[in-house]
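Breakdown of the fold
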Amino acid sequence: VQLQASGGGLVQAGGYLRVSCVASQRAGSRFVMAWFRQDPGKERNFVAAIKLNGGYTYYEESVKGRFTISGDNAKNTVYLQMNSLRPEDTAVYYCAASSSVIQSKLRNHAAYAYWGQGTQVTVSS
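What comes next is a walk through the structure. All of these numbers come straight from a predicted model, not from anything done at the bench.

Some points on the side chain of serine 98
The residue serine 98 is located in strand β9 (residues 91–98) in this model. Apart from residues no more than four positions distant in its own chain, serine 98 is found in contact with Arg30, Phe31, Val32, Ala111, Tyr112, Ala113 and Tyr114.

Overview of the state of the cysteines
Within this structure, the stated rule accounts for one disulfide. Between cysteine 21 and cysteine 95 runs a disulfide, and the two sulfur atoms are separated by 2.0 Å. As the torsion about the S-S bond is roughly -85 degrees, the cysteine 21-cysteine 95 disulfide counts as left-handed. One end of the pair, cysteine 21, is in strand β3 (residues 17–23); the other, cysteine 95, is in strand β9, with 74 residues separating them in the sequence. Neither residue differs from the other here; cysteine 21 and cysteine 95 are each classed as buried.

Some thoughts on the pattern of salt bridges
In total, this model carries three salt bridges according to the counting rule given. The salt bridge partner of glutamate 61 is lysine 64, with a shortest N-O separation of 3.2 Å. Assessed through its relative accessible area of 44%, lysine 64 is described here as partly exposed. Several salt bridges converge on common partners, so that one network encompasses Arg37, Arg66 and Asp89.

Cut-offs used in this document
Residues numbered from 1 in each chain as written. Predicted model: local features only at pLDDT ≥ 70, side-chain atom pairs only at ≥ 80, totals over all residues. Heavy atoms only, no water. Helix = DSSP H or I, 4+ residues; strand = E, 2+ residues; numbered from the N terminus. Contact = heavy atoms within 4.5 Å. Disulfide = S-S within 2.5 Å. Buried < 20%, exposed > 50% of the residue type's maximum accessible area, 1.4 Å probe, protein only. Salt bridge = Lys/Arg side-chain N within 4 Å of Asp/Glu carboxyl O.

No statement about biological role is implied by the geometric values presented.
This is the structure we're talking about:
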């Protein structure tokens, strides 16, 4: 499975951006796609995840109410709409996927087998 991320960019605080990720194929009926973000020299942290079958979504606490993850089953694509952006949201955002992930591991980057290239999101104050 190959993942291709797009979107990101530079925006002022309070603004919005959308990042997208297309998977070359879906590996299994319980395919999960997610977004993580990483600052230089720091760990890769969970942002949001979605189970494409059923549309169940999960969020990191600090982005709840501001970010929305959604998926297009037919296109094997996941979107992350980011509103009310803050300077602390600045990071490289990575798309990830796995054939299945148990719920307790959804926020663990080690649970994901497939990764896309990162896309930079910069929020200026």
